[in-house]
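# Inside the fold
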Amino acid sequence: MKAVLSPPPVPSRPAIFRSHHERFFLSVYPTSPPQQPARFDARLVANRPQNLKVVFVTRAADSTQPSTAASPSSAKTTVPDDEFSLAKVSFGVIGLGFGISLLSYGFGAYFNILPGSEWSALMLTYGFPLAIIGMALKYAELKPVPCLTYSDAQMLRETSATPILKQVRSDVTRYRYGDEQHLDEALKRIFQYGQGGGIPRRSAPILQMIREEVTEDGKYCLVLVFEAKALQLSDFEKRQAKFASFFGPGVTAEVGKGENNLYEVRLISNLTGSSTSS
């Protein structure tokens, strides 16, 4: 903090008796010099009562700023696939479980470890073939693929989806037995395994999941998500018309590339609710 230097006081004398030194200071300071500012004393401020006022400044909201809260309607809601169906139950697991249970209890009853020795022969007779059939079904079973369904697509399924698209969804979301993979017959015809212009059998795409959604123009769409490490997007684009004709009529096919060797085939139904009901 700089010290303020004030000029020395000029004695109050008549003008005729003033020396040239006094006249010099009067020319510089024609009036009385400014007083030195009072020294700041913290004790005085501390003892003085403080009156604080809180002022709220209101400002109109700027409509140009984007809202940080997302609208609930903008987010798509999914429908859980918790509907019970026998098609979602593995018959291999059921047969193997019953067969092993009968065999275990039959052997225990036969050696008098468990009660019911008179039924041991019957349990062993039926338990052995049930266990064999269960193991065979378990070996040949093809697990269902996951299905992601949006709520708006579920409402359009009954009125806008074609019968073939409904059948495709039902087939790939249940256990199958004896098939090498889901949609095996369809992929064999579309990609022509081992034929001229086709692909090798070992390079066949594998269905990973399906998705039900609604297009921007309000049409029902069934999306088939394939994994194909040995194929390119051009291999799917060349067969886009074959996808539409195989899963048609009334279906438009679109293909696209996803992440991690995933490819999407969008089967868009051209039916509307009025045409389906008629």
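The structure displayed is predicted, hence computed values, not measured ones.

## Digging into the overall build of the protein
From N to C terminus, the protein includes ten helices and eight strands. Taking all 278 residues of the protein together, 28% fall into the buried category. By sequence separation, contacts in the protein at least 24 residues apart represent 62% of the contacts at least 6 residues apart. Total accessible area on the protein is roughly 19700 Å²; 59% of this is exposed by carbon and sulfur atoms.

## Digging into the UniProt feature "transmembrane region" (unreviewed entry) in the protein
Within this structure's numbering, the places UniProt gives as "transmembrane region" (unreviewed entry) are residues 91-113 and 119-137. Regarding residues 91-113, the helix share stands at 87% and the strand share at 0%, and the terminal C-alpha atoms are separated by 30 Å. With 95% helix and 0% strand, the stretch residues 119-137 has end C-alpha atoms that lie 27 Å from each other.

## Examining the nonpolar core
By size, the foremost hydrophobic cluster in this structure holds 32 residues, and its most contacted members are L183, F191, L224, F236 and F247. Those elements that provide at least two residues to this core are helix 6 (163-172), helix 7 (184-191), strand 5 (206-214), strand 6 (220-227), helix 9 (240-246), strand 7 (251-257) and strand 8 (262-269). With near-sequence residues (within four places) excluded, F191 lies in contact with G198, I199, P205, L231, D235, F236, R239 and F243.

## Looking at helix 5 (residues 151-160)
Among all positions in helix 5, only A153, R157 and S160 are buried. Projection of helix 5 onto a plane perpendicular to its axis shows the buried side chains occupying an angular sector of 115°, all on one side. Across from the buried face of helix 5, at angles greater than 90 degrees, the exposed residues are M155 and E158.

## Focus on the pairing of strand 6
With seven of eight residues buried, strand 6 is to be regarded as a mostly interior element. Here strand 5 runs beside strand 6; their pairing, made up of eight bridges, is antiparallel. What sits directly across from R211, in strand 6, is V223. Note that strand 6 and strand 8 share seven bridges and pair antiparallel. Bridged to V225 within strand 8 is E264.

## Description of the side chain of E213
Locating E213 in the fold gives a position in strand 5. Given the relative accessible area of 9%, E213 is considered buried. A distance of 2.4 Å separates a polar atom in the side chain of E213 from a polar atom in the side chain of R266.

## Side note on the sheet that holds strand 7
Pairing is mixed in the open sheet, where six strands are placed in the order 1-3-5-6-8-7. Of all the strands in the sheet, the pair left with one neighbour each is strand 1 (78-79) and strand 7. Strand contacts of helix 5: strand 1, strand 3 (147-150), strand 5, strand 6 and strand 8, with the helix running at about 90° to strand 3, the strand carrying the most contacts.

Parameters and conventions
Residues numbered from 1 in each chain as written. Predicted model: local features only at pLDDT ≥ 70, side-chain atom pairs only at ≥ 80, totals over all residues. Heavy atoms only, no water. Helix = DSSP H or I, 4+ residues; strand = E, 2+ residues; numbered from the N terminus. Buried < 20%, exposed > 50% of the residue type's maximum accessible area, 1.4 Å probe, protein only. Contact = heavy atoms within 4.5 Å. Areas by Shrake-Rupley, 256 points an atom, 1.4 Å probe, with all protein chains shown as cover. UniProt positions renumbered as here; feature names shortened; annotations may be inferred. Core = buried A, V, L, I, M, F, W, Y, C linked by side-chain atoms within 4.5 Å. Arc of directions from axis to C-beta. Pairing = 2+ DSSP bridges. Polar contact = N/O pair within 3.5 Å; in protein donor to acceptor, adjacent residues only side chain to side chain. Axes fitted to C-alpha atoms, helices over the stretch in contact; angles between N-to-C directions.

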